[in-house]
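# What the coordinates show
If you want the building blocks of each chain, they are given just below.
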Amino acid sequence: MTRVAVWLGDAAEDQEWVDLLSSLLPGIEVMPMDTAGAPDIDYAVVWAPPAGALARHPGLKAIVSVGAGVDHVLRDPELPKHLPILRTTGPDMVQRLREYVALHVLAHHRDLMTTDAQQGRAEWKQLVTPVASKRRVGVMGLGRIGAACARTLAGLGFDTAGWSRSPREVAGVAPFHGGSGLHDFLSRTEILVCLLPLTDQTRDILNADLFARLPRGAAVINAGRGGHLVEADLIAALDKGQLSGATLDVFRTEPMPADHPFWQHPRIRVTPHIASYIDAATGASVVASSILAFDRNGTAPDVADANRGY
Ligand code: NDP
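Computed from a predicted model, the values in this text were never measured in an experiment.

Thresholds, definitions, all that
Residues numbered from 1 in each chain as written. Predicted model: local features only at pLDDT ≥ 70, side-chain atom pairs only at ≥ 80, totals over all residues. Heavy atoms only, no water. Near = heavy atom within 4 Å. Polar contact = N/O pair within 3.5 Å; in protein donor to acceptor, adjacent residues only side chain to side chain. Areas by Shrake-Rupley, 256 points an atom, 1.4 Å probe, with all protein chains shown as cover. Helix = DSSP H or I, 4+ residues; strand = E, 2+ residues; numbered from the N terminus. Nonpolar A, V, L, I, M, F, W, Y, C, P; charged D, E, K, R; others polar. Domains from an automatic or database assignment. Contact = heavy atoms within 4.5 Å. Buried area = accessible area lost by both parts, 1.4 Å probe.

## Some thoughts on the site of the ligand
- Around the ligand lies a shell of 30 residues, among which Leu-142, Ile-145, Ser-166, Arg-168 and Tyr-310 are the nearest.
- In this structure, Arg-144 approaches the ligand through a main-chain N or O atom, which is 3.1 Å from an oxygen atom.
- When the ligand is considered free in solution it has 940 Å² of accessible area, and contact with the protein chains removes 95% of it.
- If you list the elements that add at least two residues to the shell around the ligand, you get helix 3 (91-109), helix 5 (144-155) and strand 7 (159-164).
- Per-element tally for the shell around the ligand: the top contributor is helix 5, with three residues.
- The residue makeup of the shell around the ligand, split by class, is 13 nonpolar, 11 polar and six charged.
- Among the domains, domain 1 (3-90 + 278-297) and domain 2 (91-270) are the pair contributing at least three residues each to the shell around the ligand.

Okay, here's the thing in structure tokens:
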């Protein structure tokens, strides 16, 4: 009998997923994952499994990441490298990110941080901001999520560009790619949205050098991964006015500690990794479809490339 084990790092959440997946996968045994190794399982459904836990299940056919990113799986030094890693995306995840990106790009575009501060001082001061067609926004990462978000921004009327590793065409979006395209992409981008995967090439990419290449007063939105951002460089760039504001959804340490300076910074908006937090019912149905597809065909619609890192 096929066996599926779940590890999300929280016993109650694991059980909720076990119950949902059991009802969606009749004839398949679903259980919380025993990180010590027994019993033998075919599929591990995981978020940030402990190092070595997957290697202790030699019968595994595939790993299912409960999320679009796979960095939390690839960071395991004992990861069995030959195993396919199935990503969990689906229309709801993409839609939630489109909403998040539209909301926060518009907030920077209309300078809500300044009007919020004015309200706190009961100060009536009318700000005039450019229309969207005169605002240049840029999305780093044109994958399933990044391309959809770039299209959404273009649809709102923004002058939109995108940056990817290889050339990508997205309707209404000015394309840039690779190291050679980065400088021109940055120099035109007033509101930057990071939707990259975390890899050896993209770690720390949001740093002082990158901020200096944006026009003065640009804003940054990071919904990729906390490891993309050099935190001290962001604070320095905000404090000297190179950046006007930042919206951050992902952090080096999650949950972010209560004494972290980001919580209190007047030009940083913090959201607790909810840009596209997948609800268990939707997530389990996408995961169940991936497992059924893989069991049937030996592959699934969305498999990460471990060598590429995403
Ligand atoms: P994909 O794997 O579909 O796409 C990744 C994109 O990034 C591709 O366009 C790829 O280029 C580009 N890219 C990768 N490496 C580089 C590089 N070195 N230089 C330039 N471009 C690069 O990912 P998704 O769109 O599905 O997801 C993106 C990320 O969003 C996830 O990995 C995750 O980190 C984050 N995320 C965050 C969520 C949240 O709630 N905050 C929720 C879901 C995802 P190419 O097209 O050439 O391959």
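Alright, that's what it looks like, and here's the rest.
## Comments concerning the domain arrangement of the chain
- Each assigned domain of the chain is listed here: domain 1 (3-90 + 278-297) and domain 2 (91-270).
- Domain 1 and domain 2 are separated by 32 Å when their C-alpha centres are compared.
- Counting from both sides, the interface comprises 12 residues of domain 1 and, opposite them, nine residues of domain 2.
- Buried area between domain 1 and domain 2, summed over both chains or domains, comes out near 840 Å², and the portion from carbon and sulfur atoms is 55%.

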